[in-house]
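Notes for the structure review
In case you want the letters, here they are:
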Amino acid sequence: MQQNPTRTVIIDTDPGIDDAVAILLALKSAEFDVKGITTVAGNIGIATTTRNAGRILALEGRNDVPVIAGATGPLSRKGFDTADIHGNDGLGGVAFPDPLAAPAGNDAVAWLRETLDTADAGSIAILALGPLTNIARLVQEHPDAAKRIGRVIAMGGAVYEPGNIGPRSEFNIAADPEAAEIVFDAGLEMTLIPLDVTRKVRATRDDTAMLQNTGVPAAVASGALIDAYFQSTTGGESRPLHDPCVMLLALDEALFGCETLKLSVDTGTTRDAGALSVDETGSSVSVALKVESAAVLKLLYERLSAE
Ligand code: RIB
Ligand code: CA
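Below, the structure is looked at part by part. Quick caveat, the model's predicted, so the values are computed rather than measured. (Residues numbered from 1 in each chain as written. Chains lettered and ligands numbered in written order. Predicted model: local features only at pLDDT ≥ 70, side-chain atom pairs only at ≥ 80, totals over all residues. Heavy atoms only, no water.)

Considering the overall build of the protein
- Of regular secondary structure, the protein possesses 13 helices and 11 strands.
- For the protein, whose C-alpha radius of gyration is 17 Å, the value lies close to the compact-globule estimate of 19 Å for 307 residues.
- Referenced to the eigenvectors of the C-alpha coordinate spread, the extents of the protein come out at roughly 50 × 40 × 40 Å.
- Out of the 307 residues belonging to the protein, those deemed buried represent 59%.
- For the protein, the accessible area works out to roughly 11,900 Å², and carbon and sulfur atoms hold 48% of it.
- Placing the 24 positive and 41 negative side-chain charges of the protein at their respective mean positions leaves the two points 1 Å apart. (Helix = DSSP H or I, 4+ residues; strand = E, 2+ residues; numbered from the N terminus. Rg over C-alpha atoms; globule rule 2.2 N^0.38 Å. Buried < 20%, exposed > 50% of the residue type's maximum accessible area, 1.4 Å probe, protein only. Areas by Shrake-Rupley, 256 points an atom, 1.4 Å probe, with all protein chains shown as cover. Lys, Arg positive; Asp, Glu negative; His and termini not counted. Charge placed at Lys NZ, Arg CZ, Asp CG, Glu CD.)

Structure below.
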């Protein structure tokens, strides 16, 4: 694996089972200096996503990483409730400690602006694991600060694949299509990782057993989280690991294949709201369409299992 320099990252997230595995991967990877976690309503309400960010950090004893609560809902729509997938606690009922500290704030956009304004321009990457509401509000309210973002890597969308919340729409984009349109059109250096790739990165029951047998907290919790995913969803002998793909691409981009596409977002009110189309009127976004699945899974499990 190419050695990446340590990079300062902000994780924007709606934990969420797969968010939790992704956050644990980041915390177990020395390449990431996690500056903070901003939360957004998505898989479940903001109070629960915020509490869960604190619980995940507590599992790793990371009271050095602040959690800042963000958007309580999409810019202009009603959000979805996916408690049936992520459980009423948002973490599939998996045991996590209580947060080590209260959230550091409840205005993620103000915190993002302040953090970006005081850091070297381009030095911070945002790893986006949920609806893009917080980032869209930053672009709208503080465009100069948004321009200081080094890179956004986001899980979202479905390009040539069917959707998972509508026939053509994926959850993170469909939860707030207006936010996605604003972020895609903002001229940021952006890489989108859609279902076209994340559905190829799949964990089996053997993987979850292996992780839990390590006795390493991050691996044990990740194995239990994915097992909960097996319980709450249908889909044969494996389950896709959507959000961890964001951290995996940041760790070793050579394991992914990206191409720049002009993407338009359906901001209508049909079941296609949030669907992505490739057309000349769209915004240029780098989109991951290929992945070396076995290699990224190996990297994920190695990092989670490291003592
Ligand atoms: O479509 C998958 C995405 O929606 C993931 O981020 C998952 O956590 C849910 O938020
Ligand atoms: Ca998520």
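Some points on the layout of surface pockets
- The volume enclosed by the largest pocket comes to roughly 470 Å³.
- The wall of the largest pocket is formed by 24 residues, among which Ile85, Asn164, Tyr229, Thr233 and His242 lie closest to the centre.
- When its volume is computed, the second largest pocket comes out at roughly 180 Å³.
- As for the second largest pocket, its lining consists of 16 residues, of which Ala41, Gly42, Ile44, Gly79 and Phe80 are closest to the centre. (1 Å grid on protein atoms, 1.4 Å probe; cavity = no way out; pocket = protein on both sides within 12 Å on 5 of 7 lines; lining within 4 Å. Points joined across faces, edges and corners; volume = space filled by probe spheres on them.)

Considering the nonpolar core
- If you look at the biggest cluster of nonpolar residues, it comprises 61 residues, and the most contacted ones within it are Phe32, Val34, Ile37, Met247, Phe256 and Leu304.
- When residues in this core are grouped by element, the largest group, nine residues, is from helix α1 (residues 17-27).
- When neighbours within four sequence positions are excluded, Leu304 is seen to be in contact with Val21, Leu24, Leu25, Lys28, Leu211, Val216, Ala218, Ala219 and Ser222.
- Judged by nonpolar contacts, the second largest core, of 37 residues, contains Ile68, Val109, Leu192 and Val265. (Core = buried A, V, L, I, M, F, W, Y, C linked by side-chain atoms within 4.5 Å. Contact = heavy atoms within 4.5 Å.)

Examining the pattern of salt bridges
- Here the structure, examined in full by the defined rule, presents 12 salt bridges.
- Taking the shortest distance from any N to any O, the salt bridge between Arg77 and Glu178 comes out at 2.8 Å. With Arg77 in the loop between β3 (67-69) and α3 (83-86) and Glu178 in helix α8 (residues 177-184), this residue pair connects regions lying 101 residues apart in the sequence.
- Arg77 gets classed as partly exposed once you look at its relative accessible area, which sits at 23%.
- A salt bridge links Arg113 to Asp117; the nearest nitrogen and oxygen atoms lie 3.6 Å apart. Remark: Asp117 and Arg113 occur in helix α4 (residues 108-118); sequence separation between them is four residues, near one turn of the helix. (Salt bridge = Lys/Arg side-chain N within 4 Å of Asp/Glu carboxyl O.)

Here's the deal with the state of the cysteines
- Overall, the coordinates contain zero disulfides when judged by the stated rule.
- Lacking any disulfide linkage, Cys245 is separated from the closest cysteine sulfur, that of Cys258, by 11 Å.
- Residue class for Cys245 comes out buried when judged on its relative accessible area of 0%.
- Assessed through its relative accessible area of 31%, Cys258 is described here as partly exposed. (Disulfide = S-S within 2.5 Å.)

Here we look at the coordination of the calcium ion (ligand 2)
- Only Asp14 (OD), Asp19 (OD), Asp19 (OD), Leu129 (O) and Asp243 (OD) from the protein reach the calcium ion (ligand 2) as donors, at distances of 2.3 to 2.5 Å.
- Of note, the donors binding the calcium ion (ligand 2) are all from one chain and are spaced D-x4-D-x109-L-x113-D. Here the residue Leu129 occupies a position in the loop between β4 (124-128) and α5 (133-141), and Asp243 occupies one in the loop between β8 (238-240) and α12 (244-251), the gap between them amounting to 114 residues. (Donors = N, O, S within 2.8 Å, 3.2 Å for Na, K, Ca; no water.)

Overview of helix α13 (residues 293-305)
- If you check α13, its first and last C-alpha atoms are 18 Å apart, about what 13 residues at 1.5 Å a residue would give, namely 18 Å.
- Among all positions of α13, only Val296, Leu297, Leu299, Leu300, Tyr301, Arg303, Leu304 and Ser305 are buried. (Expected span 1.5 Å × (residues − 1).)

Focus on the side chain of Glu170
- Within the secondary structure, Glu170 is located in the loop between β5 (149-155) and α7 (171-175).
- Buried and without a salt bridge, Glu170 has Arg199 as its closest oppositely charged side chain, separated by 8.8 Å.
- At 2.7 Å, the side chain of Glu170 forms a polar contact with the backbone nitrogen of Gly157.
- The residues contacting Glu170, other than those within four sequence positions of it, are Met155, Gly156, Gly157, Ala158, Gly163, Asn164, Ile165 and Leu195. (Polar contact = N/O pair within 3.5 Å; in protein donor to acceptor, adjacent residues only side chain to side chain.)

Side note on the site of ligand 1
- The environment of ligand 1 is formed by Asp14, Asp18, Asp19, Asn43, Leu129, Met155, Asn164, Glu170, Phe171, Asn172, His242 and Asp243.
- Considered on its own, ligand 1 offers 270 Å² of accessible surface; in the complex 96% of this is hidden by protein.
- When each cavity is represented as a set of grid points, ligand 1 is found to reside in the largest pocket.
- Elements represented by at least two residues in the shell around ligand 1 include exactly α1 and α7. (Near = heavy atom within 4 Å. Sits in = over half its atoms within 2 Å of the grid points.)

A few points about the packing of helix α10 (residues 205-213) against α13
- Following both chains from N to C, one finds α10 and α13 inclined at 20°, their axes separated by 10 Å at the closest point. Comparing their axes, α13 and α10 come out roughly parallel. For α10 against α13, the interelement crossing comes out right-handed. Taken together, the residues of α13 that come into contact with α10 (itself represented by Asp207, Met210 and Leu211) are Tyr301, Leu304 and Ser305. (Axes fitted to C-alpha atoms, helices over the stretch in contact; angles between N-to-C directions. Parallel < 35°, antiparallel > 145°, perpendicular 65-115°, else oblique. Left-handed = near helix turned anticlockwise from the far one by under 90°.)

With respect to the environment of Ile193
- If you trace the backbone, Ile193 turns up in strand β6 (residues 190-193).
- Residue Ile193 is classed as buried on the basis of its relative accessible area, which comes to 0%.
- Through-space distance from the C-alpha of Ile193 to that of Gly156 is 5.9 Å; in sequence the pair is 37 residues apart.
- Leaving out residues up to four positions away in the same chain, Ile193 has contacts with Ile153, Ala154, Met155, Gly156, Thr198, Cys245, Val246, Leu249 and Ala288.

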